Amino acid sequence: MIRVLLHRWPGLAGLLLVTLLAVSGAALSVYPAIERLASPQAAGGLSVGDLAARVQAEYPGVEQIRGAPSGRITAWWFQDGTPGAAVIDPATGQGVAPVDASPAERWLVNLHRQLFAGDTGRLVMATGAGVMLLLCASGAVLIARRMGGWRRWFGRTRGRLAARLHVEMARIAVAGLALSALTALWMTASTFGLLPDQARAPLFPATTSGQTGIAPNHIAALADLPVAALRDLSFPDPTDPTDAFTLKTDRGAGYLDQGTGEVLAWTDAQTLSRVTETFTMLHTGRGAAVIGLVLGLMALSVPALAVSGFALWLAGWRARPRIRRNASASRAETVIFVGSEAGSTWGFAATLHRALSEAGQSVHVAPMTAFDPARYRAAKRLLILAATYGDGMAPASAKGFIERLEHAPALSGVPVAVLGFGDHSFPAFCAFADEVAQLLTAKGWTELLPPDAVDRQSPRDFARWGRALGRTLGLELELVHQPVQPATEALTLVSRRDYGAQVQAPTAILRFALPRAGFWQRLTRRGFAQFQAGDLLAVLPEGAPGVAPMPRLYSLASGSRDGFVEIVVRKQPGGLCSGQLVALEPGSTIRAFIRPNPGFHSGHGRAPLILIGAGTGIGPLAGMIRANRRARPVHLFFGLRARDSDFFFAEELAGWQRDGRLARLTTATSRGPRPYYVQDALRHEAAEVLAMIRSGARIMVCGGRAMAEGVTAALTDILAPAGLTPAVLKAEGRYVEDVF
Ligand SMILES: Cc1cc2nc3c(=O)[nH]c(=O)nc-3n(C[C@H](O)[C@H](O)[C@H](O)COP(=O)(O)O)c2cc1C
């Protein structure tokens, strides 16, 4: 509700208006600082009386002197029949600069306050400020939720780049943006006379002394008044004895006799008008130039927030299949939650929605991020379809679900079923769905069905679960879902290098030409337009005609900047896809698409990298070293069987060592009189490894499961003297694995 109604829709609707307000406001924020630097300031002890006398000496026809909170003094006069005005140097009373703002500033002010459209424009801009305030308030609540509480406001952010950027900018800028929006609304209300804050001048005195000619520096009320407190001093007509000085200060307003200097009438400013003055100062920065500049800088985050917010919405919108006739959350009997990263689970959810709707139920489908039990007033059951990513992590559309579930009371009489979507070749098979199921039980939710899993988007697994669900609900439920694969590209093999024949493990490094990315891919930097080593190439094997093949995933040993697509493939005994790939000849083609794997990217920092790989696991690590053109310190531990048979990338590794991309290479060969594995090499170099970790190194492991377990055991021992564990490093994102 907060995310959608109070943040997403107002944000999308007000995107351009709020951006325009913020950018013009940021540009205007520099003027008060310039004004402050350019305006001569009054000396500390100077009184308004002395200032007025100095100005009068220079300009005998002076009519008005104004003081701004910034310290700028301006005067208006009438001399020899012509009006004049200038910024005044208080030390001399002489004009030093013209009063008028520059044309650029005037143009910006007109745009920022009223869109060049008078009162209507003012109201439009005020609506923009209102939307900004709403976005700040709802955004702050969403950040607190995402971070797991207000106290963790500045905690580590995770997730996609656009989401991270959005949160990181917002949590710094939100207070300033809210202040700018609030003060803008207040000023608009004051402009339209909606606040009872106008400094009410007292009634003009009915009688005066009838005398004229007192010098301003002889008027006690002016002699005691510091220049900083002056807002406006209007001089009387010396030929009219019934006229008087009009004085406005930061404390109030009144009239002074032009013959005796006596205070004829006075009204103190009301609290509200002081609030208005303070708010105006904060908003415009006039009188508080540094605050103005800081707020201006914060306003500059708005275009970036708008772009990242829009990109997030667009990505979510594109990833979600259109669910037709989605019942509202409050009326649905069955609520289906989807945890998905790449979108395929949404397809399963759409099939389930259609089948249940056809059986006469009202069904609502939502991402797991929208979980809010208070809304499901008519719900009789909840169904959770959750994929798993990384090392048992939540997928994008389930971020924050665990925290929400922890804080929500169980709905009584509303049982829940959890169906995991995963891939058995990952060690943490459906681990996120398992975590959800366990937490539901711990929080006292009733189980509708025992937790189940769909392996590699298997239509059979899904249909089996559907039948079990049907039995529980007393329905005939036949779920037929054939997952739709992303569009594939044809890749042509350009070269191959063969290894492993001597150790009965035929392996090839296959290099394909980079296919031309389509317009949309280039625009959104997806697919073959933008990938890096560690992402996955999903290859569709040739199968029996009419049968949709499941893609097989291979870690990429190259990035799009390399200009080719490279993978390392070992022929698996009886393996359909690996057999076909290893048999490819240059010129032949395969069909494939890119699966991003952001959890296994080397990142951009300068922190050292410890890369550990065995066998074909060297592939993505070699690609990361090739991309290391800025010579970040990289230490590679490479486990192979025998140097003369499967030392993949041997020549390139030597070249990368020479040109600084690879700082150090340690190989461990397992075949021979004394088998030696990467975990042995790690223990052997424990001191160096620990020193690198202490200096902030990130560890990346790629290869078979047994090797990864051996590495974890070795690192457990190596880290112990520093009071660290692999689990701690994993939680910090400094220890990542790509295990098969
Ligand atoms: C980079 C990556 C990491 C994955 N990690 C796991 C994992 O740790 N455990 C698991 O069971 N499945 C894992 N999977 C498999 C996905 O969970 C599975 O393909 C799922 O059906 C994807 O659903 P989605 O398309 O809705 O995101 C991973 C898939 C990818 C591409």
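An unreviewed UniProt entry lists the chain under the name NADPH--hemoprotein reductase, from Paracoccus lutimaris.

K.L.:
Would you mind showing me how to read the pattern of salt bridges here?
P.N.:
Pairs can form between side chains of opposite charge whenever their charged atoms are close. Following the criterion strictly, the structure yields 27 salt bridges and no others. A salt bridge links Arg286 to Glu105; its shortest N-O distance comes to 2.6 Å. Highlighted residues: Arg286 in the loop between α9 (271–284) and α10 (289–299) and Glu105 in helix α5 (residues 103–114), separated in sequence by 181 residues. For Arg286, a relative accessible area of 26% corresponds to the partly exposed category. Members of the salt-bridge network, linked through shared partners, are Arg497, Arg511, Asp562, Glu566, Arg626, Arg629 and Glu652.

K.L.:
How should I be thinking about the UniProt feature "domain: Flavodoxin-like" (unreviewed entry) in the chain in this particular structure?
P.N.:
Taking the UniProt record as the reference, the feature "domain: Flavodoxin-like" (unreviewed entry) is found at residues 334–470. Annotated as residues 334–470, this span is 34% helix and 21% strand, and its ends, taken at the C-alpha atoms, are 13 Å apart.

K.L.:
Looking at this model, I keep getting lost on the sheet that holds strand β15 (residues 507–513). Mind explaining?
P.N.:
Strand order in this open sheet of six strands is β17-β16-β19-β14-β15-β18, and the pairing throughout is antiparallel. Pairing within the sheet leaves two strands with one partner each, and these edge strands are β17 (552–555) and β18 (564–570). Here the average twist between neighbouring strands, direction ignored, is 40°. For strand β14 (residues 489–499) and β15, the ladder comprises six bridges, and the chain directions are antiparallel. In the strand pairing of β15, Tyr499 is matched with Thr507.

K.L.:
What exactly am I supposed to notice about the packing of aromatic side chains here?
P.N.:
Aromatic rings considered in pairs are described by the distance between their centres and by the relative angle of their planes. Under the definition given, this model contains 20 aromatic pairs. Taking the centre distance of 5.8 Å and the plane angle of 10° together, the rings of Trp150 and Trp153 count as stacked. When its relative accessible area of 53% is taken as the criterion, Trp150 is described as exposed. For Trp153, a relative accessible area of 13% corresponds to the buried category.

K.L.:
Mind showing me how you'd approach the UniProt feature "transmembrane region" (unreviewed entry) in the chain here?
P.N.:
The feature "transmembrane region" (unreviewed entry), as annotated in UniProt, sits at residues 123–144, 165–187 and 288–315 in this numbering. Secondary structure content for residues 123–144 is 100% helix and 0% strand, while the C-alpha to C-alpha distance between its ends is 32 Å. Overall, residues 165–187 shows 100% helix and 0% strand. The separation of its end C-alpha atoms is 32 Å.

K.L.:
Is there a simple way to explain the site of the ligand in this structure?
P.N.:
Taken together, 22 residues lie near the ligand, and Ser340, Ser344, Thr345, Thr388 and Gly390 sit nearest. At 2.6 Å from an oxygen atom of the ligand is found a side-chain nitrogen or oxygen belonging to Ser340. Here an oxygen atom of the ligand and a side-chain polar atom of Thr345 are 2.6 Å apart. Alone, the ligand offers 650 Å² of accessible surface; in the complex the protein occludes 97% of this. Breaking the shell around the ligand down by element, the ones donating at least two residues are α12 (344–358) and β12 (416–422). Within the shell around the ligand, the residues separate by chemical class into nine nonpolar, ten polar and three charged. The residues that make up the shell around the ligand include at least three from each of domain 3 (320–473) and domain 4 (489–599).

K.L.:
In this structure, what is going on with a nonpolar patch on the surface? I would like to understand it.
P.N.:
Residues Leu5, Leu6, Trp9 and Leu134 make up a contiguous nonpolar surface patch of about 350 Å² in total accessible area. The greatest single-element share of the nonpolar patch, amounting to three residues, is contributed by helix α1 (residues 2–13). Of note, Leu5 is situated in helix α1.

K.L.:
Looking at this structure, how should I read the domain arrangement of the chain?
P.N.:
Interface size, as often reported, equals the accessible area lost upon joining of the parts. For the chain, the assigned domains are domain 1 (2–33 + 104–197 + 286–312), domain 2 (42–90 + 211–269), domain 3 (320–473), domain 4 (489–599) and domain 5 (602–739). Distance from the C-alpha centre of domain 2 to the C-alpha centre of domain 5: 78 Å.

K.L.:
Got a minute to help me understand unusual backbone geometry in this structure?
P.N.:
Across residues other than glycine, the phi torsion is negative in most instances, and most of the peptide bonds are trans. One non-glycine residue, Arg325, adopts positive backbone phi at about 50°. On the secondary structure map, Arg325 appears in the loop between α11 (301–319) and β9 (334–339). The phi angle at Cys430 is positive, at roughly 50°, despite the residue not being glycine. Locating Cys430 in the fold gives a position in the loop between β12 and α14 (431–442).

K.L.:
Hey, could you run me through the sheet that holds strand β8 (residues 263–268) in this one?
P.N.:
In a beta sheet, neighbouring strands pair by backbone hydrogen bonds and run either parallel or antiparallel. Spatial strand order, β4-β3-β2-β1-β5-β6-β7-β8: eight strands in an open sheet with antiparallel pairing. Two strands lie at the open edges of the sheet, namely β4 (94–97) and β8, each paired on one side alone. With strand direction ignored, the average angle separating the axes of adjacent strands in the sheet is 20°. Examined bridge by bridge, strand β2 (residues 73–79) and strand β3 (residues 82–89) share six bridges and lie antiparallel to one another. Each bridged residue has a counterpart across the sheet, and for Gln79 the counterpart in β3 is Thr82. Strands in contact with helix α4 (residues 48–58) are β1 (62–67), β2, β3, β4 and β5 (230–234); relative to β1, the strand with the most contacts, it is inclined by about 140°.

K.L.:
Could you clarify how one ought to interpret the pairing of strand β11 (residues 381–387) in this entry?
P.N.:
Regular strands have side chains that alternate between both faces of the sheet. Within β11, seven of the seven residues are buried, which leaves the element mostly enclosed by the surrounding structure. Judged by which residues are buried, β11 turns out to be covered on both faces: Arg381, Leu383, Leu385 and Ala387 on one side and Leu382, Ile384 and Ala386 on the other are all buried. Sheet topology note: the β9/β11 ladder contains six bridges and is parallel. The residue bridging Ile336 from the neighbouring strand is Leu383, located in β11. With six bridges connecting them, β11 and β12 associate as parallel partners. Directly across from Ile384, in β12, lies its bridge partner Val418.

Analysis parameters
- Residues numbered from 1 in each chain as written.
- Predicted model: local features only at pLDDT ≥ 70, side-chain atom pairs only at ≥ 80, totals over all residues.
- Heavy atoms only, no water.
- Salt bridge = Lys/Arg side-chain N within 4 Å of Asp/Glu carboxyl O.
- Helix = DSSP H or I, 4+ residues; strand = E, 2+ residues; numbered from the N terminus.
- Buried < 20%, exposed > 50% of the residue type's maximum accessible area, 1.4 Å probe, protein only.
- UniProt positions renumbered as here; feature names shortened; annotations may be inferred.
- Pairing = 2+ DSSP bridges.
- Axes fitted to C-alpha atoms, helices over the stretch in contact; angles between N-to-C directions.
- Phe/Tyr/Trp six-rings, centres within 6.5 Å; stacked < 30°, edge-to-face > 60°.
- Near = heavy atom within 4 Å.
- Polar contact = N/O pair within 3.5 Å; in protein donor to acceptor, adjacent residues only side chain to side chain.
- Areas by Shrake-Rupley, 256 points an atom, 1.4 Å probe, with all protein chains shown as cover.
- Nonpolar A, V, L, I, M, F, W, Y, C, P; charged D, E, K, R; others polar.
- Domains from an automatic or database assignment.
- Patch = residues over 30% accessible without salt bridge, like charges linked within 9 Å, V, L, I, M, F, W, Y side chains within 5 Å.
- Contact = heavy atoms within 4.5 Å.

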